[in-house]
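Chain by chain, the residues:
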Amino acid sequence: MKIFQVALGILAAIGGFVDIGDLVFNVSAGATFGYQLLWVVVIGVVGIIVYSEMCGRVAAVSGKAVFDAVRERLGFRTGLVALLSAQVVNLMTLTAEIGGVAICLQLLSGLPYRWLILIAGIVLAVVVWVTSFDWIERIFGYGGLCLLVFAVAAAKLHPVWSAVGHGFVPHMQTQSPLLYAYFAIGLLGAAMTPYEVYFYSSGGVEERWSPKDLGLNKANAIIGYGLGGFLSFSLMIVGGSLFLDKGIEPEFLGSIALGAEVPLGQIGLLLALVGILFAVSGAAIDTLFSGAYSLAQFLGWEWGRYRAQTGAPRFTLTWGVLLVLALGAVMTGVDPVMLTEYAVIFSAVALPLTYIPILLVANDRSYMREYANGRLANVLGLIYLAVIVVISLSAVPLLILTNVGQN
Amino acid sequence: MRRGLALCLAAAALAGCNGGTVDKHALKRDAEKVGSLATEGELLANDMSKGASTKYFARMHAKELSRAASNLADALAERPISPGIEAHVHKLSRLAAKVSSQLEQLHLHPTNRAIAKAMRQPLSADADAADRLSK
């Protein structure tokens, strides 16, 4: 059924919107500012839909993914800077997600953390090795939908719905404007993290999209990221309804799961943990593939899961090496949640290097023929480019001024 | 490119700095953190007392909270303190250690509803005490 063909969009969104850092970040935003930042999530969702649709269209029409465009449009040097920054952030994020998978398994099983890191790495490697791209999308994309338990939890906590509605109107009622700005920038940066579009566009090529799939591309972008945004809303509402008045500052993955346990009991807890497990695993796969896609596309190697491992040996080796590096990093005991916060902020700095080429290529009629950007896509694209530049310039100063959001 | 990398590294180092002297602002923030841990522990204890949690989740999450409180207690005991607030900082350090040991009970007895029920009120009281210290 065609409705199931939106699994790519769902997996990209799950990996981008509800990875380990976003889970904690969204709930923290609610626990700190109530519902005041809901409007920021809307801005982020629209932005990633606009650019993902462009990426998917480029993939469908030209058969090329984002990093092909980066190399061709920016030239080797600038493209190399974009590649290196993307790989550093990818590796940080992959490390954090593997740590997150291990934490989630520990909360479910009680087994020692370090053993679970190894188990997580091995299972991810086996799944990526033996499973087709289609089934990876379905398993992790649809498994992550267990996170919809947070929507139920949010409703069960009986928020003041008029206050929730007011949260969709831009406003700021706080004595900590810098902290508010930090969260706003972090939420926007997390919504538009480059690895989402690298994964999405490469996934479009993996799925052999052609111009007849442009409708499917739009559906994937809108439904997938719309769902990701809905999950973000739910998490923020849980944070605002349960944690804000009690003065709780959620720092741990367990704190997030508590947000489902308190209103829904054991079943809520288990669904939340299973959903988090699939979402964070999905994010690990997104970033693992994004890293391998980016390098292979930039250097002109064969790439893709639709080829057998022997058909794309350097691509296969790349994701293998990335996985081993990330496992080694997690074993050092680094805090996965804090690491992904840094990753989001640093990836925000390099956002223009990803999104400018996309906009250029999507307008290039020699690439795109009659499928180049229309007026609406260009207007939205330029507006969001301005937003991206603001995010890029302010991310690091806010990181410093707020002491990584600790105020 | 080298300048950019240096800037990013400096940013990471500066942002990560959280040591140094405990002043009034740091005392307030740390008191809020202790209160947060105690209140979260109370929520967890409440669920445990009703059988609304699972054994492994309760055990592991209580341990995480306990460890965080213990780390705070140690940090408050070891860091230099601004003049005039020494008594408050020592009091907060002892409170954080108390919260840690209460959470440790939840960690050690994840299926014991009676212990979980018994921990609710002390954790709530500790959260109130932390709240008073934060003001």
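Residues numbered from 1 in each chain as written. Chains lettered and ligands numbered in written order. Predicted model: local features only at pLDDT ≥ 70, side-chain atom pairs only at ≥ 80, totals over all residues. Heavy atoms only, no water.

## Here's the deal with the overall build of chain B
For clarity, the threshold we go by: By definition, any uninterrupted DSSP run of H or I lasting at least four residues is a helix, any uninterrupted run of E lasting at least two residues is a strand, and each is numbered from the N terminus. Summary of the burial criterion: residues with accessible area below 20% of their type's maximum are buried, those above 50% are exposed, and those between are partly exposed, where the area comes from a 1.4 Å probe applied to protein chains only. Using a 1.4 Å probe, the Shrake-Rupley method yields the accessible areas, and only the shown protein chains count as cover for residues.
When helices and strands are counted, chain B shows five helices and zero strands. For chain B, with 135 residues in total, the buried portion stands at 47%. With the model as given, the accessible surface of chain B reaches about 6800 Å², and the carbon-plus-sulfur share is 55%.

## Considerations on the packing of helix α4 (residues 86-108) of chain B against helix α5 (residues 113-133) of chain B
All names here are of chain B. Here is the rule we go by: Angles run from 0 to 180 degrees between N-to-C directions of axes, and those axes are lines fitted to C-alpha atoms, restricted for helices to the stretch in contact. Small angles under 35 degrees read as roughly parallel and large ones over 145 as roughly antiparallel, with 65 to 115 read as roughly perpendicular and the rest as oblique. In this scheme the handedness of a crossing depends on how the near helix is turned from the far one: anticlockwise by less than a right angle means left-handed, clockwise means right-handed. By the convention used here, residues are in contact when the closest approach between their heavy atoms is within 4.5 Å. Asp, Glu, Lys and Arg are counted as charged, while Ala, Val, Leu, Ile, Met, Phe, Trp, Tyr, Cys and Pro are counted as nonpolar; the rest, among them Gly, fall into the polar class.
For the pair α4 and α5, interaxial distance at closest approach is 10 Å and the crossing angle is 160°. Judged by the inter-axis angle, α4 sits roughly antiparallel to α5. Handedness of the α4/α5 crossing: left-handed. Every residue of α5 that contacts α4 at His-88, Lys-91, Leu-92, Leu-95, Lys-98, Val-99, Gln-102, Leu-103, Gln-105 and Leu-106 is listed here: Ile-115, Ala-116, Met-119, Pro-122, Leu-123, Asp-126, Ala-129, Ala-130 and Leu-133. Here the residues of the contact of α4 with α5 sort into 13 nonpolar, three polar and three charged.

## Focus on helix α2 (residues 24-49) of chain B
All names here are of chain B. Where we set the bar: Here, expected helix span is obtained from the residue count minus one, scaled by 1.5 Å.
In a regular helix each residue adds 1.5 Å, so 26 residues correspond to 38 Å; α2 covers 37 Å between its end C-alpha atoms and thus fits that length. By the criterion of burial, α2 is predominantly enclosed, with 20 of the 26 residues buried. Immediately downstream of α2, the backbone of Gly-51 shows phi near 70°, a positive value.

## Some words on the interface of chain A and chain B
Quick note on the threshold: Values labelled buried area give the accessible surface lost by two parts on being combined, using a 1.4 Å probe and summing over both. Put simply, a salt bridge is a Lys or Arg side-chain nitrogen that is within 4 Å of an Asp or Glu carboxyl oxygen.
Contacts between the two partners involve 34 residues from chain A, matched on the other side by 31 residues from chain B. Surface buried jointly by chain A and chain B totals about 2800 Å² across both partners, of which 63% is contributed by carbon and sulfur atoms. Taken as a group, Leu-107, Glu-249 and Phe-252 of chain A account for 19% of the area that chain A buries against chain B, more than any other trio of residues on that side. Applying the counting criterion to the chain A and chain B interface returns one salt bridge.

## Topic: the environment of Arg-67 of chain B
Within the secondary structure layout, Arg-67 of chain B lies in helix α3 (residues 55-78). Between the C-alpha atom of Arg-67 of chain B and that of Ala-26 of chain B, which follows or precedes it by 41 residues, the distance is 20 Å.

## Considerations on unusual backbone geometry
Residues and elements named next belong to chain A. One non-glycine residue with positive phi stands out, namely His-158, at about 50°. Along the polypeptide, His-158 turns up in the loop between α7 (149-156) and α8 (161-166). According to the relative accessible area criterion, His-158 is exposed, its value standing at 65%. Look at Arg-369: it is not a glycine, yet its phi comes out positive at around 50°. In this structure, Arg-369 sits in the loop between α16 (365-368) and α17 (375-401). Overall, Arg-369 belongs to the partly exposed group, its relative accessible area being 41%.

## Let's talk about the nonpolar core
Generally speaking, nonpolar side chains in soluble globular proteins are found buried as a group. All names here are of chain A. Stated precisely, the cut-off is as follows: Remark: nonpolar core denotes a set of buried residues (Ala, Val, Leu, Ile, Met, Phe, Trp, Tyr, Cys) joined through side-chain atoms within 4.5 Å.
Ranked by size, the top nonpolar core spans 186 residues in total, and within it Leu-37, Tyr-51, Ile-98, Phe-289 and Tyr-355 carry the most contacts. It is helix α12 (residues 253-299) that contributes the most residues to this core, 21 residues altogether. Apart from residues lying up to four places away in sequence, Ile-98 is in contact with Ile-117, Ala-120, Leu-124, Leu-323, Ala-326, Leu-327 and Val-330.

## As for the packing of aromatic side chains
Residue and element names in this part refer to chain A. Here is the rule: For Phe, Tyr and Trp, rings pair up if their centres lie within 6.5 Å, where Trp contributes its six-membered ring, and each pair is then called stacked (planes under 30 degrees apart), edge-to-face (over 60) or tilted (otherwise). Think of it as a cone above the ring: NZ of Lys or CZ of Arg counts as a charge over the ring if it is within 6 Å of the ring centre and within 35 degrees of the ring normal.
Enumeration according to the criterion identifies 19 aromatic pairs over all chains in this entry. On the numbers, 5.0 Å between centres and 85° between planes, the contact of Phe-168 with Phe-233 is edge-to-face. Here Phe-233 lies in helix α11 (residues 214-243) and Phe-168 lies in the loop between α8 and α9 (177-191), a separation of 65 residues in the sequence. Judged by its relative accessible area of 35%, Phe-168 falls in the partly exposed class. A relative accessible area of 18% means that Phe-233 is categorised as buried. Here the aromatic cluster, defined as three or more aromatic residues joined through ring pairs, consists of Phe-133, Phe-199, Phe-289, Tyr-293, Trp-303 and Phe-315. Lying over the aromatic face of Trp-135, Arg-138 brings its terminal NZ or CZ to 4.9 Å of the ring centre.

## As for the side chain of Ser-234 of chain A
All names here are of chain A. By the element assignment, Ser-234 lies in helix α11. Relative accessible area serves as the criterion here: at 4%, Ser-234 is assigned to the buried category. Ser-234 has contacts with Phe-150, Ala-151 and Ala-154, leaving out every residue within four places of it along the chain.

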